[in-house]
Amino acid sequence: MDYQHIIDNISKEILSTSSRGEVASYIPELSNVSPDKFGIHLTTLSGNDFSYGDNLDRFSIQSISKVLTLTLAFKLKGTSMWTRLGVEPSGNPFNSLVQLEYENGIPRNPLINSGALVISDILITELENPKKDFLEFVRSISGNSSISYNQKIAESENKHGHRNAALVNLMKSFENINNNVDEVLDFYYHQCSLEMNCKELAHIFLLYANRGISPYTGKELISASKAKRINAIMQTCGFYDQSGDFTFKVGLPGKSGVGGGIGAVNPGVYSIAVWSPPLNKKGNSVRGINFLEQLTTDTQSSIF
Ligand code: DON
């Protein structure tokens, strides 16, 4: 498969069209990013890398981090954590409050904000130094000790995160949060502020294409059964109320973030990270989704 040729052609086509959405501005610090940034990195299990554009510029991975916190919590807690959150698509925006009220403080899934906040709570209980230990976990998956939080982004979100504060307080009232709400929010804002480039993100995501085993060290980072379930959750819930549309158009397990990044995998074959900051109304990268739709069409690599 000539991935480089296909990536080059699709990228040029996507960049020549003007429709692309708006850069997120509800976290002021995120709005400083150029809307013209565009990066692609595809890495195969057979060890080949293909890229385009700004694939080495670091960006805020935002909600893509929810896959990484889910991975660590699932590894530490196993199936017992599913009493506190579900695995159903929510059909609602990522920061919605309504469903949580009538479903008694049990989030639909770990990839919406309420679910990620429960996962933060679990990690705070399980880890000795939560922010430090989680960062070490991410660095160990990537084999890259320079990956870090962006304090400015974490602080900017903390100042404007009224909906997340509402979500965590509502869940606390239903006794589904055990730790101090400010500590939970602080952890959550830090995980969202993690920065990496498309190459680093694609390399991290390769573990989900490889049944939980690091292709670089041969070490099992998470069991094959858990990797399978994380992919299933990404497939059904990774794009909030656009998850069905993403499955329909792209057909890969994946996760988006409001920084404009998307990580996706074709199990057994490749992982890919795309980055283009302007978003649609659902909070997902417009050019990122368009790129992936064309990629899985041209390479016939939808999993369906
Ligand atoms: O909670 C928030 O609002 C953000 N830090 C993360 C949201 C996000 O990335 C949603 N993704 N599309």
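Structure's up top.
The rules we used
Residues numbered from 1 in each chain as written. Predicted model: local features only at pLDDT ≥ 70, side-chain atom pairs only at ≥ 80, totals over all residues. Heavy atoms only, no water. Helix = DSSP H or I, 4+ residues; strand = E, 2+ residues; numbered from the N terminus. Rg over C-alpha atoms; globule rule 2.2 N^0.38 Å. Buried < 20%, exposed > 50% of the residue type's maximum accessible area, 1.4 Å probe, protein only. Areas by Shrake-Rupley, 256 points an atom, 1.4 Å probe, with all protein chains shown as cover. Lys, Arg positive; Asp, Glu negative; His and termini not counted. Charge placed at Lys NZ, Arg CZ, Asp CG, Glu CD. 1 Å grid on protein atoms, 1.4 Å probe; cavity = no way out; pocket = protein on both sides within 12 Å on 5 of 7 lines; lining within 4 Å. Points joined across faces, edges and corners; volume = space filled by probe spheres on them. Nonpolar A, V, L, I, M, F, W, Y, C, P; charged D, E, K, R; others polar. Phe/Tyr/Trp six-rings, centres within 6.5 Å; stacked < 30°, edge-to-face > 60°. Lys NZ or Arg CZ within 6 Å of the ring centre and 35° of its normal. Pairing = 2+ DSSP bridges. Axes fitted to C-alpha atoms, helices over the stretch in contact; angles between N-to-C directions. Contact = heavy atoms within 4.5 Å. Polar contact = N/O pair within 3.5 Å; in protein donor to acceptor, adjacent residues only side chain to side chain. Expected span 1.5 Å × (residues − 1). Near = heavy atom within 4 Å. Domains from an automatic or database assignment.

Draft legend 1. Here's a closer look at the overall build of the protein chain. The secondary structure content of the protein chain amounts to twelve helices and seven strands. For the protein chain, whose C-alpha radius of gyration is 18 Å, the value lies close to the compact-globule estimate of 19 Å for 304 residues. The buried share of the protein chain, reckoned over its 304 residues, is 57%. When the accessible surface of the protein chain is totalled, it reaches about 12,200 Å², and 49% of it is carbon and sulfur. If you average the places of the 27 positive and of the 30 negative side-chain charges in the protein chain, the two averages end up 2 Å apart.

Draft legend 2. Summary view of empty space enclosed by the protein. Applying the stated criterion across every chain, the model contains three cavities of 30 Å³ or more. Every residue lining the largest cavity is counted, 13 residues in all, and those nearest its centre are Ser-96, Gln-99, Leu-100, Ile-112 and Ser-114. Among the residues making up the lining of the largest cavity, the classes are represented as six nonpolar, five polar and two charged.

Draft legend 3. Region of the structure containing the packing of aromatic side chains. The full count for this structure, using the stated rule, is twelve aromatic pairs. Taking the centre distance of 5.3 Å and the plane angle of 50 degrees together, the rings of Phe-94 and Tyr-240 count as tilted. Separated by 146 residues along the polypeptide, Phe-94 in the loop between helix H2 (65-77) and helix H3 (98-102) and Tyr-240 in the loop between helix H10 (224-237) and helix H11 (243-249) bring together distant segments of the chain. Judged by relative accessible area, Tyr-240 falls into the buried class, the value being 5%. Among the aromatic residues, those joined into a ring-pair cluster are Tyr-3, Phe-50 and Tyr-270. The ring of Phe-74 has Lys-226 lying over it, and the distance from NZ or CZ to the ring centre is 5.4 Å.

Draft legend 4. Broad picture of the sheet that holds strand S5 (residues 254-256). Taken in spatial order, the five strands line up as S2-S1-S7-S6-S5 in an open sheet, and their pairing is antiparallel. Both outer strands of the open sheet, strand S2 (49-53) and S5, are each paired with one neighbouring strand and no more. Taken pair by pair, the neighbouring strands of this sheet meet at an average axis angle of 5 degrees, ignoring direction. Bridge analysis of S5 against strand S6 (residues 261-266) gives three bridges, and the strand direction is antiparallel. Residue pairing across strands places Ser-256 opposite Ile-262, the latter belonging to S6. Against the sheet, helix H1 (residues 3-15) makes contact with strand S1 (39-44), S2 and strand S7 (270-275), and its axis sits at roughly 20 degrees relative to S2, the strand it touches most.

Draft legend 5. View of the side chain of Asn-109. With respect to the helices, strands and loops of the structure, Asn-109 is situated in the loop between H3 and helix H4 (113-126). One polar contact links the side chain of Asn-109 to the main-chain carbonyl oxygen of Glu-88, over a distance of 3.1 Å. Once residues within four sequence positions are removed from consideration, Asn-109 is found in contact with Leu-85, Gly-86, Val-87, Glu-88, Pro-89, Ser-90, Gly-115 and Cys-237.

Draft legend 6. Spotlight on H2. Here H2 spans 18 Å end to end across 13 residues, near enough to the 18 Å set by a 1.5 Å rise per residue. Those residues of H2 not exposed but buried are Ser-65, Lys-66, Val-67, Leu-68, Thr-69, Leu-70, Thr-71, Leu-72, Ala-73 and Phe-74.

Draft legend 7. Quick peek at the site of the ligand. The full set close to the ligand counts 14 residues, and Tyr-26, Gln-62, Ser-63, Glu-157 and Tyr-188 are the nearest of them. Separating an oxygen atom of the ligand from a side-chain N or O atom of Tyr-26 is a distance of 2.6 Å. For the ligand, the protein covers 99% of the area, taking 340 Å² as the surface of the free molecule. Each of domain 1 (3-62 + 195-299) and domain 2 (63-192) accounts for three or more of the residues forming the shell around the ligand.

As far as function goes, none of this settles anything; it's purely spatial.
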